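Notes for the structure review
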Amino acid sequence: MDATTLGSLLVGVGAIIAGVVQYLGKRAETALTGYSSLTNDLQEERDSLKGERDSLNTRLAEVAALRAADQAEIARLRAEIIRLGGHP
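Everything numeric in this text was worked out from a predicted model, so none of it was measured.

Things to note about helix α1 (residues 3-83)
Between the first and last C-alpha of α1 there are 117 Å, a value that for 81 residues agrees with the 120 Å anticipated at 1.5 Å per step. At the exit of α1 stands Gly85, carrying a positive phi of roughly 100 degrees.

Some points on the pattern of salt bridges
For the structure on display, the rule yields 5 salt bridges. Where Arg59 meets Glu62, a salt bridge forms, and the shortest distance between an N and an O atom there is 3.4 Å. Here the residue Arg59 and the residue Glu62 both occupy positions in helix α1, the gap between them amounting to 3 residues, near one helical turn. On the basis of relative accessibility, which here comes to 47%, the residue Arg59 falls in the partly exposed class. Glu80 serves as the salt-bridge partner of Arg83, at 2.6 Å between the closest nitrogen and oxygen. Placement of the pair is Arg83 and Glu80 together in helix α1, with a separation of 3 residues, close to one helical turn. What makes Glu80 partly exposed here is its relative accessible area of 29%.

Rules of the game
- Residues numbered from 1 in each chain as written.
- Predicted model: local features only at pLDDT ≥ 70, side-chain atom pairs only at ≥ 80, totals over all residues.
- Heavy atoms only, no water.
- Helix = DSSP H or I, 4+ residues; strand = E, 2+ residues; numbered from the N terminus.
- Expected span 1.5 Å × (residues − 1).
- Salt bridge = Lys/Arg side-chain N within 4 Å of Asp/Glu carboxyl O.
- Buried < 20%, exposed > 50% of the residue type's maximum accessible area, 1.4 Å probe, protein only.

The following block contains the structure:
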């Protein structure tokens, strides 16, 4: 085998290896892009759920305040019933 044939063979093998490396690199790039997209989607969903949670916590605080006001009103009315001579 002379030098020209050997050189041609090495160039051919190099081209095949370069093609395989490019293919694998493209697959890795696609996987990384998919991972980044998934991460972004999860972060957006997390932020949305945090907003819903904060809204629910605010609503629960309002309900608790209303319940406390109702309990105070019930206690006041019981005291008024007792003052008037009734039994609560």
